[in-house]
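Chain by chain, the residues:
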Amino acid sequence: MTVLDDIIVGVKEDMEARRRLVSLEELKERAAGAPPARDAWAALGGPASARIDLKVIAEIKRRSPSKGDLAPIDDPASLAAQYADGGASVISVLTERRRFGGSLADLDAVRAAVETPLLRKDFTVDEYQIWEARAHGADLILLIVAALSDAELAHFSALSHELGMNVLVETHTEEEIERAVAAQARIIGINVRNLKTLDVDRSVFGSLAGLIPAGAVVVAESGVRSADDVAQYAAGGANAILVGEALVSDSTPRERISEFKAAGAAAIAVRN
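The structure displayed is predicted, hence computed values, not measured ones.

Participant: Quick question: what am I supposed to make of the overall build of the protein here?
Facilitator: When you go through the protein residue by residue, the secondary structure sums to 12 helices and 10 strands. Its C-alpha atoms give the protein a radius of gyration of 17 Å, near enough to 19 Å, the size a compact globule of 272 residues would have. The principal-axis extent of the C-alpha atoms belonging to the protein is close to 55 × 40 × 35 Å. Sorting the 272 residues of the protein into buried and exposed places 56% on the buried side. When contacts within the protein are restricted to residue pairs at least 6 apart in sequence, long-range pairs at least 24 apart make up 67% of them. Total accessible area on the protein stands at roughly 11,200 Å², and carbon and sulfur atoms take up 51% of it.

In structure tokens:
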């Protein structure tokens, strides 16, 4: 069993426990009463002609399977406010409990604190989670190609769009990018971390980014430690970066986001 397989087993068990407390019908009612989703596509640059700088998806993450504990984050709302002040275009909230220490309560707290579009970062394997995300104020969800069949990828994407949300489709290989493109994904992430082994190889981004159609927003995921890493991703074709560890472990996340944005903008200026 791979690391990803093991995570998904836990995700399904925890989801079934929540389902026993809140039915799908109740979630649908809550989603119907929620304010409309914010436009994460536009926040991440939208049409290619409008992309003039590097966008930052700033992540709220207490721990990870590869590094263990990262930061206690007793007040996710306060951290989210710092991210927003620093210029984050989207804020990602980990809601997976067992490996990442997240919860839907974190998503609720962040939603109440900021107007920035929110990514519900979880391992989506059932439409229940999509209705759940919308009911709790998410504007964007994550779909990991390696965890889904083509039929699931198409169905979950369609449902998300019906609910007004956008979708970040995560890939790690050439074949997964082909599947994402076939599913008409508009926001495609390249995770340089192999979720089956947790190994990180930053060269993966450069080898795959050119395979993504020009109209899609390209997101570089994982491996961001410094402004130099950000500049490398931007030079290689990234329109946005998703970064968590480097922010939650920094005492000045607002300033770090500004630093990352400046490094990305400089690299994009040279690229163009």
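Participant: Just to check I follow, could you spell out the packing of aromatic side chains for this structure?
Facilitator: The way to describe two aromatic rings as a pair is by their centre distance and the angle between their planes. According to the stated counting rule, one finds 2 aromatic pairs in the structure shown. With a centroid separation of 5.2 Å and 70° between ring planes, the pair formed by Phe 205 and Tyr 233 is classed as edge-to-face. Here Phe 205 is found in helix H9 (residues 203–208), whereas its partner Tyr 233 is found in helix H10 (residues 227–235), with 28 residues between them in sequence. This pair shows no difference in class: Phe 205 is buried, exactly as Tyr 233 is. Geometry around Trp 41 places Arg 186 over its ring, the cationic atom sitting 4.0 Å from the centre.

Participant: What is the right way to read the packing of helix H1 (residues 3–21) against helix H6 (residues 127–135) from this model?
Facilitator: For any two helices packed against each other, the geometry is given by the interaxial angle and the distance between the axes. Two numbers describe how H1 lies on H6: the axes approach to 11 Å, and their chain directions differ by 60°. In this structure, H1 crosses over H6, and the sense of that crossing is left-handed. Contact residues: H1 offers Val 11, Met 15, Arg 18 and Arg 19, while H6 offers Tyr 128, Gln 129 and Glu 132. Among the residues making up the contact of H1 with H6, the classes are represented as 3 nonpolar, 1 polar and 3 charged.

Participant: Looking at this structure, I do not really get the side chain of Asp 14. What am I missing?
Facilitator: Relative to the helices and strands, Asp 14 is located in helix H1. Classification of Asp 14 as buried rests on a relative accessible area of 12%. Each residue touching Asp 14, except ones within four places of it in the same chain, is listed here: Arg 97 and Arg 98.

Participant: Which parts of the structure should I look at to understand the nonpolar core?
Facilitator: When a protein is soluble and globular, its nonpolar side chains tend to lie buried together. If you look at the biggest cluster of nonpolar residues, it comprises 68 residues, and the most contacted ones within it are Ile 60, Tyr 83, Ile 91, Phe 205 and Ile 241. Once residues within four sequence positions are removed from consideration, Ile 241 is found in contact with Leu 54, Lys 55, Val 56, Ile 57, Val 219, Ala 220, Val 224, Val 230, Tyr 233 and Phe 260. Counting residues in each nonpolar core, the second largest holds 25 residues, with Leu 140, Leu 168, Val 219 and Leu 242 among its members.

Participant: What exactly am I supposed to notice about the sheet that holds strand E1 (residues 55–60) here?
Facilitator: Strand pairing in a sheet relies on backbone hydrogen bonds, with the paired strands running either antiparallel or parallel. What the 8 strands build is a closed barrel, ordered E1-E4-E5-E6-E7-E8-E9-E10; its pairing is parallel. Neighbour to neighbour, the strand axes of the sheet diverge by 25° on average, direction disregarded. Direction of pairing for strand E8 (residues 187–191) relative to strand E9 (residues 217–221): parallel, over a ladder of 5 bridges. Across the sheet, Ile 187 pairs through a bridge with Val 217, a residue of E9.

Participant: Honestly, unusual backbone geometry in this entry has me stumped. Any pointers?
Facilitator: Most peptide bonds take the trans configuration, and most residues that are not glycine carry a negative phi. Positioned with a positive phi, Gln 184 is a non-glycine residue whose angle comes to about 65°. By relative accessible area, Gln 184 is classed as exposed at 67%. The phi dihedral of Leu 198 falls on the positive side, at around 75°, and the residue is not glycine.

The rules behind the values
- Residues numbered from 1 in each chain as written.
- Predicted model: local features only at pLDDT ≥ 70, side-chain atom pairs only at ≥ 80, totals over all residues.
- Heavy atoms only, no water.
- Helix = DSSP H or I, 4+ residues; strand = E, 2+ residues; numbered from the N terminus.
- Rg over C-alpha atoms; globule rule 2.2 N^0.38 Å.
- Buried < 20%, exposed > 50% of the residue type's maximum accessible area, 1.4 Å probe, protein only.
- Contact = heavy atoms within 4.5 Å.
- Areas by Shrake-Rupley, 256 points an atom, 1.4 Å probe, with all protein chains shown as cover.
- Phe/Tyr/Trp six-rings, centres within 6.5 Å; stacked < 30°, edge-to-face > 60°.
- Lys NZ or Arg CZ within 6 Å of the ring centre and 35° of its normal.
- Axes fitted to C-alpha atoms, helices over the stretch in contact; angles between N-to-C directions.
- Left-handed = near helix turned anticlockwise from the far one by under 90°.
- Nonpolar A, V, L, I, M, F, W, Y, C, P; charged D, E, K, R; others polar.
- Core = buried A, V, L, I, M, F, W, Y, C linked by side-chain atoms within 4.5 Å.
- Pairing = 2+ DSSP bridges.

So far we have only geometry, and geometry alone does not tell us how the molecule works.
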